[in-house]
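# Residue-level structure breakdown
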Amino acid sequence: MENSAPPVIVGITGASGSVMAATTVERLLSMDVPVVVTASAAARLVWREEMEESFGAALERWTDEGRFAYYSFGELNAPIASGTFPTRGMAIVPCSMATAAAIAHGLADNLLRRAADVCLKERRPMVIVPREAPLSAIHLDNLASLAHLGVTVLPPNPPFYLKPATIDDTVSFTVERTLVALGISSELPIGMVYRGPRDAD
Ligand SMILES: Cc1cc2nc3c(=O)[nH]c(=O)nc-3n(C[C@H](O)[C@H](O)[C@H](O)COP(=O)(O)O)c2cc1C
C-alpha cells in the first residue's frame, strides 16, 4: 500500500447489496483514501449472483490503484486483526444479520469479525449497512446492541424525500452517509441535503 495514511477497512458480507460494497471501495479510492478489504465466503457467493464483474476482477482493478489491500476471511494474521495497526475505522457493507449477531456477541471467528471486534475495543468509528427484511426481534436486539456500543447502524433506505430516480441514487446516498459517519467526509454533497419544504405548486 503506497499511501501510508491509515486505511479504512471495508468488510463485505453475504447480505444482498454487493453494489454498495463496490461503490464504497471505489468512492474511497477516488478520494485517495487507502482501503483494506476483507470479505466473507458468503459475500463472494452473493457477489456472483448480483454483479456483472467477478469479485476477483474487481480486486485486480482496485489493486492496480495502489492504495488497496485485500485479505481473505481466513487470514487471521492480517494487520487489521491487531489493534496496534492504525486504521480510520471500518464500514461493513452490506452487513448480514449473521455478522451483526457475531459482532454484537464478540465472536471474532473470521478476519472480518475480528477486525470489527478490534474497531470496537479500540473505539474507532464503525458503520454497518444492514440488509434484511423483515427484521426479527433477534436482528433488532443485535443491531440495538451495536448502536449502544457506538456503531452507526445505517440501513440502505432510499431517501424518498430527495426523490431518488434509480437504485444507484440510493446506493450513492448510503455511501456518502457512510463516509460522513466515518469522518472521511465532513458533509454530504449538496444535492443530498434536505433544504426544507418545497414551494407549493
Ligand atoms: C443471494 C443471497 C442473498 C442473501 N441476502 C441476505 C441478506 O440480505 N441479509 C442477510 O442477513 N443474509 C442474507 N443472505 C444469507 C447470508 O449470506 C448467510 O446468512 C451467511 O451465513 C452470512 O455469512 P457472513 O455474515 O459471514 O457473510 C443471503 C444469501 C444469499 C445466497
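Residues numbered from 1 in each chain as written. Predicted model: local features only at pLDDT ≥ 70, side-chain atom pairs only at ≥ 80, totals over all residues. Heavy atoms only, no water.

Here the focus is the site of the ligand. Gly14, Ser40, Ser96, Thr99 and Arg131 are the nearest of the 14 residues found near the ligand. At 2.8 Å from an oxygen atom of the ligand is found a main-chain nitrogen or oxygen belonging to Met97. Arg131 places a polar main-chain atom, nitrogen or oxygen, 2.6 Å from a nitrogen atom of the ligand. Notes on the ligand: free accessible area 640 Å², of which the protein chains cover 65%. Those elements that provide at least two residues to the shell around the ligand are helix H2 (41–50) and helix H4 (97–104). The element best represented in the shell around the ligand is H4, accounting for three residues. (Near = heavy atom within 4 Å. Polar contact = N/O pair within 3.5 Å; in protein donor to acceptor, adjacent residues only side chain to side chain. Areas by Shrake-Rupley, 256 points an atom, 1.4 Å probe, with all protein chains shown as cover. Helix = DSSP H or I, 4+ residues; strand = E, 2+ residues; numbered from the N terminus.)

For the rest of this paragraph, the subject is unusual backbone geometry. A cis amide bond links Val93 with the next residue in sequence, Pro94, at an omega value of -15°. Topologically, Pro94 is positioned in strand S4 (residues 90–95). Following Ala133, the chain continues into Pro134 via a peptide bond in cis, with omega recorded as -10°. Here Pro134 is to be found in the loop between strand S5 (126–130) and helix H6 (137–148). Of note in this structure, Asp32 is not a glycine but carries a positive phi near 70°. Position of Asp32 relative to the elements: it lies in the loop between helix H1 (18–30) and strand S2 (35–39). Taking the relative accessible area as the measure of exposure, Asp32 reaches 47% and is therefore partly exposed. Phi is positive for Lys163, close to 55°, though the residue is something other than glycine. When you line up the elements, Lys163 lands in the loop between strand S6 (152–153) and helix H7 (167–182). (Buried < 20%, exposed > 50% of the residue type's maximum accessible area, 1.4 Å probe, protein only.)

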